[in-house]
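Listed here are the chains, written in short residue letters.
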Amino acid sequence: MTHGTVALICNPASGEKPTVFTCADDEAARSAVITLAKEIGFDGVDAGGLDASRNIENLGLLVGQVAYESGLGNRVSLRAFVGS
């Protein structure tokens, strides 16, 4: 992780935490990853089983493309809002 990425995670300009979508067939593993994500400043979201990974990977590719094409680099992140 570069210094700029750490700055984004610890103090994002938007004031929001980037979202980490976590999927695995092992519920304990998903829970552990979500806990770790929260400890380093992300908002962890349980996306279910491993079959969800193909969709999550595409979200990552989209964020990377937007970051590269816009020239915004590590200032681009993904944030999911879950209503109650």
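Residues numbered from 1 in each chain as written. Predicted model: local features only at pLDDT ≥ 70, side-chain atom pairs only at ≥ 80, totals over all residues. Heavy atoms only, no water.

Draft legend 1. Inspection of the overall build of the protein at higher detail. Summing up its helical and strand segments, the protein has 3 helices and 2 strands in all. Counted from the first residue to the last, the protein has its helices and strands arranged as α-β-α-β-α. In the protein, which comprises 84 residues, the share counted as buried stands at 24%. (Helix = DSSP H or I, 4+ residues; strand = E, 2+ residues; numbered from the N terminus. Buried < 20%, exposed > 50% of the residue type's maximum accessible area, 1.4 Å probe, protein only.)

Draft legend 2. Inspection of the pattern of salt bridges at higher detail. Counted by the stated rule, this structure contains 2 salt bridges. Among the ionic pairs, aspartate 46 bridges to arginine 30, the shortest N-O distance being 2.8 Å. One end of the pair, aspartate 46, is in strand S2 (residues 43–48); the other, arginine 30, is in helix H2 (residues 27–39), with 16 residues separating them in the sequence. Residue class for aspartate 46 comes out partly exposed when judged on its relative accessible area of 43%. Of the charged contacts in the structure, one is a salt bridge between arginine 79 and aspartate 43, with a shortest N-O distance of 2.6 Å. Here arginine 79, found in the segment after helix H3 (53–70), pairs with aspartate 43, found in strand S2; they are 36 residues apart in sequence, far enough to count as distant. (Salt bridge = Lys/Arg side-chain N within 4 Å of Asp/Glu carboxyl O.)

Draft legend 3. Structural detail: a nonpolar patch on the surface. Nonpolar side chains collect at one region of the surface, where Leu59, Leu62 and Val66 lie side by side and expose about 230 Å² of accessible area between them. Tracing the backbone through its elements, the reader meets leucine 62 in helix H3. (Patch = residues over 30% accessible without salt bridge, like charges linked within 9 Å, V, L, I, M, F, W, Y side chains within 5 Å. Areas by Shrake-Rupley, 256 points an atom, 1.4 Å probe, with all protein chains shown as cover.)

Draft legend 4. Representation of H2 within the structure. Compared with an ideal rise of 1.5 Å per residue, which puts 13 residues at 18 Å, H2 spans 18 Å between its outermost C-alpha atoms and is within 8% of the ideal. All buried positions along H2 are accounted for by Arg30, Ile34 and Ala37. The buried side chains of H2 occupy one side of the element, clustering within an arc of 60° when seen end-on. Seen from the buried face of H2, the exposed residues on the opposite side, beyond 90 degrees, are Ala28, Leu36 and Glu39. In the core, the buried residues of H2 are packed alongside strand S1 (19–23) and S2. (Expected span 1.5 Å × (residues − 1). Arc of directions from axis to C-beta. Contact = heavy atoms within 4.5 Å.)

Draft legend 5. Looking closely at the pairing of S2. Pairing geometry for S1 and S2, over 5 bridges, is parallel. Each bridged residue has a counterpart across the sheet, and for threonine 19 the counterpart in S2 is aspartate 43. For the crossover from S1 across H2 to S2, the handedness is right-handed. (Pairing = 2+ DSSP bridges. Right-handed = clockwise from strand over helix to strand, strands pointing away.)

Draft legend 6. Structural context of the side chain of arginine 30. Given the relative accessible area of 9%, arginine 30 is considered buried. For arginine 30, the residues in contact, after removing those within four places along its chain, are Thr22, Cys23, Ala24, Asp25, Asp46, Gly48 and Gly49.

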